Amino acid sequence: MGGSFDPHPARRRERVRLPTKRAALIAPGDVIGYEGQWRTVGAVGTDRGPMGGLAVVVVWQEGGAARFPAGDELLLGTPEPPVA
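Bear in mind the structure is a predicted one, so any value in this text is a computation, not a measurement. (Residues numbered from 1 in each chain as written. Predicted model: local features only at pLDDT ≥ 70, side-chain atom pairs only at ≥ 80, totals over all residues. Heavy atoms only, no water.)

Novice: Which residues make up the overall build of the protein, and what are the values?
Specialist: When its secondary structure is counted, the protein shows zero helices and six strands. Taken over 84 residues, the protein has a buried fraction of 24%. Considering only intrachain contacts with a sequence separation of at least 6, the fraction spanning at least 24 residues in the protein is 40%. With an accessible surface of roughly 6500 Å², the protein has 56% of that area assigned to carbon and sulfur atoms. (Helix = DSSP H or I, 4+ residues; strand = E, 2+ residues; numbered from the N terminus. Buried < 20%, exposed > 50% of the residue type's maximum accessible area, 1.4 Å probe, protein only. Contact = heavy atoms within 4.5 Å. Areas by Shrake-Rupley, 256 points an atom, 1.4 Å probe, with all protein chains shown as cover.)

Novice: Provide a residue-level description of the packing of aromatic side chains, including the pertinent values.
Specialist: Any aromatic ring pair is given by two values, namely how distant the centres are and how the planes are angled relative to each other. As enumerated under the stated definition, the model contains two aromatic pairs in all. Geometrically, the ring pair formed by tyrosine 34 and phenylalanine 68 is edge-to-face, given 5.6 Å between the ring centres and 80 degrees between the ring planes. With tyrosine 34 in strand β2 (residues 31–34) and phenylalanine 68 in strand β5 (residues 65–69), this residue pair connects regions lying 34 residues apart in the sequence. (Phe/Tyr/Trp six-rings, centres within 6.5 Å; stacked < 30°, edge-to-face > 60°.)

Novice: Give me the environment of aspartate 30: which residues, what numbers.
Specialist: Locating aspartate 30 in the fold gives a position in the loop between β1 (20–22) and β2. Classification of aspartate 30 by relative accessible area gives buried; the value is 16%. In the structure, aspartate 30 is positioned twelve residues away from glycine 42 in sequence and 8.4 Å away in space, judged by C-alpha atoms. Side chain to side chain, aspartate 30 and lysine 21 meet in a polar contact 3.1 Å long. A distance of 3.0 Å separates a polar side-chain atom of aspartate 30 from the backbone nitrogen of alanine 27. (Polar contact = N/O pair within 3.5 Å; in protein donor to acceptor, adjacent residues only side chain to side chain.)

Novice: Can you explain unusual backbone geometry? Please cite residues and give values.
Specialist: Even without being a glycine, glutamate 35 presents a positive backbone phi close to 55 degrees. Judged by relative accessible area, glutamate 35 falls into the exposed class, the value being 59%.

Novice: Which residues make up a nonpolar patch on the surface, and what are the values?
Specialist: A cluster of nonpolar residues, Leu18, Trp38 and Leu75, forms a patch on the protein surface that exposes about 300 Å² of accessible area. What makes tryptophan 38 partly exposed here is its relative accessible area of 48%. (Patch = residues over 30% accessible without salt bridge, like charges linked within 9 Å, V, L, I, M, F, W, Y side chains within 5 Å. Salt bridge = Lys/Arg side-chain N within 4 Å of Asp/Glu carboxyl O.)

Novice: How would you explain the sheet that holds β2 if you had to name every residue and give the values?
Specialist: Ordered in space as β1-β6-β2-β3-β4-β5, the six strands form an open sheet in which the pairing is antiparallel. The open sheet has two edge strands with one neighbour each: β1 and β5. Taking the axes of each pair of neighbouring strands and ignoring which way they run, one obtains an average angle of 50 degrees across the sheet. (Pairing = 2+ DSSP bridges. Axes fitted to C-alpha atoms, helices over the stretch in contact; angles between N-to-C directions.)

As far as function goes, none of this settles anything; it's purely spatial.
Below is the structure:
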């Protein structure tokens, strides 16, 4: 049986052709597709998930927060240019 830090098996059969990043590697300023919207990462922290595994806690610049398992792939976007 594999360890908790071994790579996760693929959850889908087809390869994702969109840019993704592991939850554990996101940083403030990244733009992530979440709940049908593009949101900007304001702060990142870690915590234990409900089953005791590592979770990444993201605080959005737009308000609110989310928790992801550290191995999850997140869909990345490009930041929108600031409105002058």
